[in-house]
Amino acid sequence: LIGGGVLAALTDGGFGYETSFYTMMGTVAVLALITFMTNKQAGQRVLDTAKAREEAAKAESQQKVNLLSVLFSKFGLFLFAVAALCAGQGAFQAQFPNLMKNAFSVSEAVSATSLSISAALGLIVVVMAERFSAKFGPAALFRLCTVASIVVVAALYFIAEFQLIPTIIFPVALVIIYLQGITVTDMC
């Protein structure tokens, strides 16, 4: 968000691409340093959890499992769902500006703005998703976001197919919801 604001100010100020690039590089470096300096406790928790899981895995007796039993297990089904969802999300994101312009008559500027809004909203959604996941588990959160993504994509399809576009706000809002689903399913 900070970088986007600085980049917009530089662009409005008439600065060249090279200056903008170096400014963004500096912004990322400063934010990386801040993250590095302030996340020691969170990093230690991750290390402690990994160590505890490794010790628990060693304690359990491990029996050999063949590949087919893994692929046709709940875990294999989950991996298939993740792969299918990621493929769809990747295709959507790769064609995002084209889809918005050609299917919904949304300009590139509004599309870019919707990405910025989505990024800002994502900060709030991640906190809510973490609370949901703590209460109901990550699998429930994944299922909820997957169903929401399917419903949103179906709604976008019907809007585009039947040209039901009284205003660009509805498709843009659906896309913002869809992008939140991507953030949360990645988190799961």
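The following paragraphs examine the structure supplied in this document. (Residues numbered from 1 in each chain as written. Predicted model: local features only at pLDDT ≥ 70, side-chain atom pairs only at ≥ 80, totals over all residues. Heavy atoms only, no water.)

### Description of the layout of surface pockets
Quick reminder of the rule: Whether a set of points on the 1 Å grid over the protein atoms alone is a cavity depends on a 1.4 Å probe fitting there but being unable to get out, while an open set qualifies as a pocket with protein on both sides within 12 Å along at least five of seven lines; lining residues are those with an atom within 4 Å of a point. Grid points are joined across faces, edges and corners, and a volume is the space filled by probe spheres set on the points. Secondary structure elements are taken from DSSP: a helix is a run of H or I of four residues or more, a strand is a run of E of two residues or more, and numbering for both begins at the N terminus. We call Asp, Glu, Lys and Arg charged. Ala, Val, Leu, Ile, Met, Phe, Trp, Tyr, Cys and Pro are nonpolar, and the rest, Gly among them, are polar.
In this structure, the largest pocket encloses a volume near 240 Å³. Along the walls of the largest pocket sit 16 residues, with Val125, Cys145, Gln180, Gly181 and Val184 positioned nearest its centre. Of all elements in the fold, only α7 (108-136), α8 (138-161) and α9 (169-187) reach the threshold of two or more residues within the lining of the largest pocket. By residue class, the composition of the lining of the largest pocket is 13 nonpolar, three polar and no charged. With five residues, α8 is the largest single contributor of residues to the lining of the second largest pocket.

### Focus: the nonpolar core
So the rule is basically this: Here, the term nonpolar core denotes a set of buried Ala, Val, Leu, Ile, Met, Phe, Trp, Tyr and Cys residues that are joined through side-chain atoms within 4.5 Å. Relative accessibility under 20% of the residue-type maximum defines a buried residue, over 50% an exposed one, and the middle range a partly exposed one, all with a 1.4 Å probe and only protein chains included. Residues count as neighbours in contact if any of their non-hydrogen atoms are within 4.5 Å of one another.
Phe92, Met100, Phe104, Leu156 and Val175 are the most contacted members of the largest nonpolar core, which has 17 residues in total. If you list the elements that add at least two residues to this core, you get α6 (96-104), α8 and α9. Here this core takes seven residues from α9, the largest share from any one element. Those residues in contact with leucine 156 that lie beyond four places of it in its chain are Phe92, Phe104, Pro171, Leu174 and Val175. One finds Val125, Leu141, Cys145 and Val184 within the second-largest nonpolar core, a separate group that totals five residues.

### Some details on a nonpolar patch on the surface
What counts is decided by this rule: Two distance rules govern patches: like charges are joined within 9 Å, and nonpolar side chains (Val, Leu, Ile, Met, Phe, Trp, Tyr) within 5 Å, applied only to residues with over 30% relative accessible area and no salt bridge. Throughout, the Shrake-Rupley method with a 1.4 Å probe supplies accessible areas, and for residues the shown protein chains are the sole cover considered. Here, a salt bridge means any side-chain nitrogen of Lys or Arg that lies within 4 Å of a carboxyl oxygen of Asp or Glu.
On the surface, a cluster of nonpolar side chains totalling about 520 Å² of accessible area is made up of Leu1, Leu121, Leu123, Ile124 and Met128. Tracing the sequence through the fold places leucine 123 in helix α7. Leucine 123 sits in the exposed class, given a relative accessible area of 56%.

### Description of unusual backbone geometry
Located in the positive-phi region is serine 105, a residue other than glycine, with phi close to 55°. Tracing the backbone through its elements, the reader meets serine 105 in the loop between α6 and α7. What makes serine 105 exposed here is its relative accessible area of 60%. Non-glycine residue glutamine 163 carries a positive phi angle of around 50°. Along the chain, glutamine 163 turns up in the loop between α8 and α9. A relative accessible area of 52% places glutamine 163 in the exposed class.

### Considering helix α5 (residues 74-94)
Stated formally: In a helix, the anticipated span is given by 1.5 Å times the number of residues less one. Polar contacts, as used here, are pairs of N or O atoms within 3.5 Å; protein pairs need one atom able to donate a hydrogen and one able to accept it. Residues neighboring in sequence count only if both atoms are side-chain atoms.
For α5, which comprises 21 residues, the first-to-last C-alpha distance of 30 Å matches the rise-based estimate of 30 Å (1.5 Å per residue) to within 8%. Close packing links the buried residues of α5 with α4 (67-71), α6, α8 and α9. Residue serine 73 occupies the N-cap position of α5, its side-chain oxygen lying 3.3 Å from the main-chain nitrogen of phenylalanine 75.

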